Amino acid sequence: MIAGAWLCLLAPLAGFLLITLLGTRISRVAAAWISTGSVVTAFGGAVWSFAELWADGGERTHLSTAWTWLQAGNFKPGLEVLVDPLSTMMMLVVSGVGALIVLYSVGYMHGDDEERRYFAYMALFVFSMLLLVQGGNLLLLIVGWGLVGLSSYLLIGFWHERPTAVAAAKKAFIMNAFGDATMVLAFFVLIAHSGSLAFGTSFDTATTLSPTAVNLVALGLLGGAAAKSAQIPLHTWLPDAMEGPTPVSALIHAATMVTAGVYLIARTHPIFEQARTVELVAAGAGALTLLVAGFVALVQVDIKRVIAYSTMSQIGYMFLGAGVGAYANGMFHLMTHAFFKALLFLGAGVAIHALGGEQDIRKMRGVGALMPWTKWAFLVGSLALVGIPPFSGFFSKDSIIAAAMTIGWYGWFLWAAALVGAFLTGLYTFRLYFVVFRGEPSPFVREHHHAHHGKEGPWTMMVPVVVLAVLAVIGGWLQFAPIWTPLTSWLEPVARTLPVAEPTSWQEGISSALAVGLGVAGIVVAWLVYGTGRIAVPRVAALQRLFEHKFYFDELYDAIFYKPAVATSLVSHRELEEPVLLAAGPDIGETAFDTGRGVRRLQTGLLRTYVFFLGTGMAVLAIVFLLTK
Amino acid sequence: MLGPGVAWYLGVAAFLFGIGALGVLLRRNVLIVLLSLEIMLNGANLALIGFSRHAHNGAGQIFALAVMAVAAAEVCVGLGLVVAIHRRNLDLDVDKLSELRG
């Protein structure tokens, strides 16, 4: 299983290096297939290690150290990969969904000017993400963490001739850098107390730390998790990140990278359990995010932005689950979400591709009649997202909602928020579905569709969509709490669910019933408003403005950070640079010139003066030498 | 020890060194300056050899040989310069060769 894990980690790196080094010596199509092949190989490696880990009945934790990577006194982190139930699950999701999406990109990016660069970045991203989940200590984890941030930045700004894409890439990078910094600070505290960043040692140390220290560590980790997973208050970069190509949104900003925060909480849960308050703050942030994102998604008109807000909202559920202590439920939702959200993005991508890059849902009206496969796939993804049985979202989301019920009065708030979120999910998802896919195709759609020879898309795009549609249906059958829980038992050795977060059967039952009922209610309202038009869209000007401005988070950060920084610069330019520095400049220059003119006279060009100075100098030195001897 | 004491040798060496130094400082002809330099070096050599005999240590004599090699090299460069100056029809006068004045 160790060999499989190394193969899984290194294959995408090899693909990235190969495409980069071969450059223009290979065709664009070859670069695309190298990238796809390397990620498929990684998936093979992941399956290999999973199969062997499955057969291994023992402790199921294997650490393989290649060599000691850094050495500074007693601090000796190794270059090591960890194979355990949690990392294997993430390897399977990342490389499996990654392989499908890279395959999809072969069709989607065909004809783009810089396909080679795109596919090199995709392979780099898959490698970084695998390093993040396979890294055997916290130091390797943050290396992967930083690298996914880098490849996310590169891919958001892939179409670098668009100023909006460049701005979005910078925004994502800066907000993520903030989270990285808080994580590194947390690691410093850990190193100071334990001298190690190995998982086991760090977690043992957490139990001996003072409450202040352990809370600081947990807060630092939470900062990193919230920034990467786009949770309030570090969430504003994710909707802007939709400037990247659609497969990038599907892979990085829906299925894998943005869920890394949930993985981090599950991986470092022994630390969070020592800082239970911070863990509950994480759950609260998740609940708040799922509500805010749900509301904002109601008024967005860009198809990808609607799905992006829905991603934020679903990661809110995962944070909620992991925060209350139901790590397995959070990870389960991570997996099903990876399937159905990648499906939704890829389905949207097929439509966007066919319409020549149009993303405004008002112009896309009626696309479904011309694209039946995409329409059905999108419907499957939407049903899974809303959590209608037997689609996958039902199994994973409802167990999170039920787990929220178990932790006292605070849990009731979270529970209520999650249920309101379920209604909003039904509403915004089916608003999108009805607006884009139902009804008669608009003239705009017909015109573009004919330009595409009436085909939905090449097979490289349709195969991943169909496979993901199947996974979005059956992916949830892996677990039906509390009757059938293989996933929870699988994760038991690494991420044991807290006993307080284990709901009883009646709690599961009532949560599921309410969540499904509210989801269906959301769908019905969406049908009445957007499907049939029987009810006019309700207009409350103040609320609409609030949602359209995304609760004014961008404006708030602008006022708190950007405007003061600009004001400070202007003041220091006016008060410091102009009167002091610019005025002093010529004086400094004049002084230098004067000194030069004086010193110049020493250089006479006459041999005898030089000899004289030389001799005098020697004589002085000799006298000094003799006197001091 | 045969011959006069080390002080006599040092006296002659200092005398030679002084003549050479004055020549370098006062004369203006490049050739004479080079010649005076050689006299300075040989004064130093004499002091080295004198001390070598006084201390019964051969290192000083080896050192004098090394100085001779350096002197030969220096003369080569110096005479080369003199030839180059002459070819450009310039005066062989160190006071007139002052183009590097600041």
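Conventions we followed
Residues numbered from 1 in each chain as written. Chains lettered and ligands numbered in written order. Predicted model: local features only at pLDDT ≥ 70, side-chain atom pairs only at ≥ 80, totals over all residues. Helix = DSSP H or I, 4+ residues; strand = E, 2+ residues; numbered from the N terminus. Contact = placed C-beta atoms within 7 Å. Buried ≥ 20, exposed ≤ 12 C-beta atoms within 10 Å, placed from the backbone. Expected span 1.5 Å × (residues − 1). Domains from an automatic or database assignment. Nonpolar A, V, L, I, M, F, W, Y, C, P; charged D, E, K, R; others polar. Axes fitted to C-alpha atoms, helices over the stretch in contact; angles between N-to-C directions. Parallel < 35°, antiparallel > 145°, perpendicular 65-115°, else oblique. pLDDT = per-residue confidence, 0-100.

Next up on the list: the overall build of chain B. Of the regular secondary structure elements, chain B holds three helices and zero strands. For chain B, the α and β elements follow one another from N to C terminus as α-α-α. By its C-alpha atoms, chain B is 55 × 25 × 25 Å across when sized along the principal axes. Restricting to contacts in chain B with at least 6 residues of sequence separation, those with at least 24 account for 50%.

When its secondary structure is counted, chain A shows 25 helices and two strands. Considering only C-alpha atoms, chain A reaches an extent of 105 × 60 × 55 Å along its principal axes. Counting over 629 residues, chain A shows a buried share of 52%. The contacts of chain A with a sequence gap of at least 6 include a subset with a gap of at least 24, amounting to 81%.

Turning to helix α1 (residues 2–22) of chain A, a few remarks are in order. All names here are of chain A. Compared with the 30 Å implied by 1.5 Å per residue over 21 residues, the 30 Å span of α1 between its first and last C-alpha is a close match. Elements in contact with the buried residues of α1: α2 (28–55), β1 (62–68), β2 (78–83), α3 (85–108) and α4 (115–134). Phi for Gly 23, located one or two positions after α1, is positive at around 55°.

Attention now goes to the domain arrangement of chain A. What the domain assignment lists for chain A is domain 1 (1–136), domain 2 (325–335 + 349–545) and domain 3 (555–628). Computed from C-alpha atoms alone, the centre-to-centre distance between domain 1 of chain A and domain 3 of chain A is 54 Å.

Taken together, the 10 residues of chain A in the interface contact 10 residues of chain B. Take the side of chain A that touches chain B: its biggest share by element is five residues, from helix α25 (residues 607–628) of chain A. Class assignment for the residues of the side of chain A that touches chain B results in four nonpolar, four polar and two charged.

Packed helix pairs are characterised by how far apart their axes lie and by the angle those axes make with each other. All names here are of chain A. One way to put it is that helix α17 (residues 392–404) packs onto helix α18 (residues 409–437) with a least axis distance of 7 Å and a crossing angle of 150°. As judged from the angle between their axes, α17 and α18 are roughly antiparallel. For the pair α17 and α18, contact is made by Ile 400, Ile 401 and Ala 404 and by Gly 411, Leu 414, Trp 415, Ala 418 and Leu 419, respectively. Looking at the contact of α17 with α18 residue by residue, the class counts come to seven nonpolar, one polar and no charged.

This paragraph deals with unusual backbone geometry. Residue and element names in this part refer to chain A. The peptide bond linking Ile 232 to Pro 233 adopts the cis configuration, its omega dihedral lying at 10°. Take Pro 233: it is sitting in the loop between α8 (211–228) and α9 (237–240). Omega for the peptide link from Pro 389 to Pro 390 comes to 5°, which places this bond in the cis form. Note on placement: Pro 390 falls in the loop between α16 (372–386) and α17.

With that settled, the discussion passes to the confidence of the model for chain A. Mean pLDDT over chain A works out to 88, with 99% of the residues at or above the 70 mark. Ranking the elements of chain A by mean pLDDT puts helix α19 (residues 443–451) of chain A last, at 74, and α4(A) first, at 93.

So, on to the environment of A:Met335. Residues and elements named next belong to chain A. Considering the arrangement of structural elements, one finds Met 335 in helix α15 (residues 327–354). Residue Met 335 is classed as buried on the basis of its C-beta count, with 24 C-beta atoms lying within 10 Å. It is 23 Å that separates the C-alpha atoms of Met 335 and Asn 137, two residues lying 198 residues apart in sequence. Beyond its immediate sequence surroundings of up to four residues, Met 335 is in contact with Val 93 and Gly 475.

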